[in-house]
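# Structure assessment
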Amino acid sequence: MTRIEDLDTPAVVVLLDRLEDNITRVQGMISSHGLLNRPHIKTHKIPAIGKLQMKAGAIGLTCQKLGEAEVFIDAGVCDDLFLTYNIIGKRKTDRLMELAARIKRLAVVADNETVLRGLSEAGQRHGRDVQLLIECDTGFGRNGVQSPEAALELARLAVKLPRIAFEGLMVFPNTAPNTFEFFTRAREIFGKAGIPLPVLSGGGTPALNKLGDYPMMTEHRAGTYVYNDVMMVQSGVATWDNCAMHVRATVVSCPTANRAVIDSGSKVLTSDHYYVEHYGRLVEYPGAFIANLSEEHAVLDFSQCKTRPKVGEVVSVIPNHCCSVSNMNDEVHGVRNGVVEVVWPVAARGKVR
Ligand SMILES: Cc1ncc(COP(=O)(O)O)c(C=O)c1O
């Protein structure tokens with residue numbers, strides 16, 4: 001039996017009671033709004049956790065990359081996947097079609113004519129329809145058609161092209177400023193054009209508290225909720241007690257009265273900031289903060305803390321952005337009541353193609 005304190009550091013641990021609670025609670029939130037739940041696997045990248053999400057009631061899963069989809073299909077996690085990324089070029093569209101042949105439904109997005117035509121050609125090459133949603137940018141400023149009218153124009157092409165099965169629209173995140181107006185207008189003009197929109201797919205963990213604000217959606221894709229992190233606590237959608245991922249790290253130096261250094265730097269915690277200050281929260285010393293990161297060092301500031309750790313002490317860090325931590329670490333340790341119950345390889349780690 002391995003106890004949590006026996007783990008060599010740095011070690012990523014997942015508190016299993018919290019993980020299970022997050023999966024059940026969020027499934028309940030999404031179902032209570034009459035929405036289908038399609039969790040995004042980018043946060044955990046672990047087939048066994050995908051299976052827990054499916055068992056709790058998810059309709060299917062979301063992947064960002066073909067390589068992730070390959071891992072999850074190989075592991076037999078589910079037969080309904082949504083790949084929310086423009087797939088470009090023969091090499092990739094062939095892989096897409098090979099994967100599509102292995103499960104019941106593999107839907108994909110397009111936000112431009114080049115991608116759409118490439119998917120149609122791949123469908124014709126492989127003699128199989130491509131389930132397609134159009135990605136919409138409702139103010140996030142990433143991929144996506146820029147207006148409901150542009151979505152309709154692309155959809156008119158989609159319904160004409162061979163081997164494209166047009167299913168609807170998707171957006172990330174729901175909380176982008178114009179989602180409600182964009183989707184309301186889209187439904188109106190698609191209705192007039194006689195093009196049905198059976199699937200309207202929204203996403204994001206911060207939107208979980210606001211699902212009722214987007215009544216037109218049919219499904220929701222949240223990812224980060226499974227572990228939660230500093231960003232999610234700061235967005236008000238999770239508490240510290242909902243944070244299932246902790247990075248265990250050893251204090252390797254206390255060079256001044258107010259400074260300590262731990263053995264988890266940017267290679268474990270990542271240097272992701274997004275909209276939060278500092279580099280993670282110390283569970284045992286909530287008044288301290290991680291002021292700086294280099295690759296193998298995190299520099300902690302204890303100037304606002306009454307107590308300080310000693311060299312050799314192990315502390316737990318709640319990372320700013322748990323999804324990137326998954327991508328940086330080979331395995332996570334599932335812990336319950338202080339005992340390591342399971343070690344999961346992060347099987348889809350680094351699958352960026
Ligand atoms: C397309 C898409 N859908 C869903 C999600 C999940 O969002 P979150 O991690 O906020 O739960 C992401 C996250 O990056 C995403 O890019």
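Refer to the structure presented above.
Quick caveat, the model's predicted, so the values are computed rather than measured.

On to the environment of glutamate 5. On the secondary structure map, glutamate 5 appears in the segment before β1 (11–15). Engagement of the side chain of glutamate 5 in a polar contact is seen with the side chain of arginine 3, the distance being 3.0 Å.

Let us now look at the pairing of strand β10 (residues 245–256). Sheet topology places β1 next to β10; four bridges connect them, and they run antiparallel. Looking across to β10, one finds that valine 12 is bridged to valine 247. In this sheet, strand β15 (residues 314–318) lies alongside β10 in antiparallel orientation, the contact comprising four bridges. Within the sheet, the bridge partner assigned to alanine 249 lies in β15 and is valine 315. Here three bridges tie β10 to strand β11 (residues 259–262), and the two strands are oriented antiparallel to one another. Bridge pairing in β11 places threonine 256 opposite arginine 259. Counted between consecutive antiparallel strands, the loop separating β10 from β11 contains two residues.

Most of the time, phi is negative for any residue but glycine, and the peptide bond is trans. For the peptide bond that leads from threonine 9 to proline 10, omega is -5°, which places it in the cis range. Residue placement: proline 10 occurs in the segment before β1. Of the consecutive residues phenylalanine 172 and proline 173, the connecting peptide bond is found in the cis state with omega at -15°. Positionally, proline 173 belongs in the loop between β7 (164–171) and α7 (179–193). Backbone geometry places arginine 163, a non-glycine residue, at a positive phi of 70°. Relative to the elements of secondary structure, arginine 163 occurs in the loop between α6 (148–160) and β7. If you check the backbone angles, asparagine 228 has positive phi at about 65° while not being a glycine. Looking at where asparagine 228 falls in the secondary structure, it is placed in the loop between β9 (219–221) and α8 (230–234).

Right, let's talk about the environment of glycine 212 for a bit. Checked against the element boundaries, glycine 212 lands in the loop between β8 (199–203) and β9. Remark: the alpha-carbon pair of glycine 212 and histidine 33, spanning 179 residues in sequence, is separated by 6.8 Å.

One pass over the full model with this rule turns up four aromatic pairs. Geometrically, the ring pair formed by phenylalanine 182 and phenylalanine 183 is tilted, given 6.0 Å between the ring centres and 40° between the ring planes. Between lysine 65 and the ring centre of tyrosine 85, over which it is positioned, the NZ or CZ distance is 4.6 Å. Here the guanidinium or amino end of arginine 281 rests over the ring plane of tryptophan 240, the centre of that ring lying 4.0 Å away.

Moving on: the pattern of salt bridges. Scanning the entire structure with this criterion turns up 22 salt bridges. Salt-bridge contacts for arginine 102 lead to aspartate 74; the nearest nitrogen and oxygen are separated by 2.8 Å. Of the two residues, arginine 102 is situated in the loop between α4 (90–100) and β5 (105–110) and aspartate 74 in helix α3 (residues 66–74); the sequence distance between them amounts to 28 residues. Judged by relative accessible area, arginine 102 falls into the partly exposed class, the value being 46%. Put simply, aspartate 79 and lysine 104 hold a salt bridge, and the shortest N to O gap is 3.7 Å. On the criterion of sequence distance, the pair formed by aspartate 79 in the loop between α3 and β4 (80–86) and lysine 104 in the loop between α4 and β5 is long-range, its members being 25 residues apart. The class of lysine 104 is exposed, set by a relative accessible area of 69%. If you follow the salt bridges from partner to partner, you end up with Arg38, Asp80, Arg105, Glu167 and Glu219 in one network.

Conventions and cut-offs
- Residues numbered from 1 in each chain as written.
- Predicted model: local features only at pLDDT ≥ 70, side-chain atom pairs only at ≥ 80, totals over all residues.
- Heavy atoms only, no water.
- Helix = DSSP H or I, 4+ residues; strand = E, 2+ residues; numbered from the N terminus.
- Polar contact = N/O pair within 3.5 Å; in protein donor to acceptor, adjacent residues only side chain to side chain.
- Pairing = 2+ DSSP bridges.
- Phe/Tyr/Trp six-rings, centres within 6.5 Å; stacked < 30°, edge-to-face > 60°.
- Lys NZ or Arg CZ within 6 Å of the ring centre and 35° of its normal.
- Salt bridge = Lys/Arg side-chain N within 4 Å of Asp/Glu carboxyl O.
- Buried < 20%, exposed > 50% of the residue type's maximum accessible area, 1.4 Å probe, protein only.

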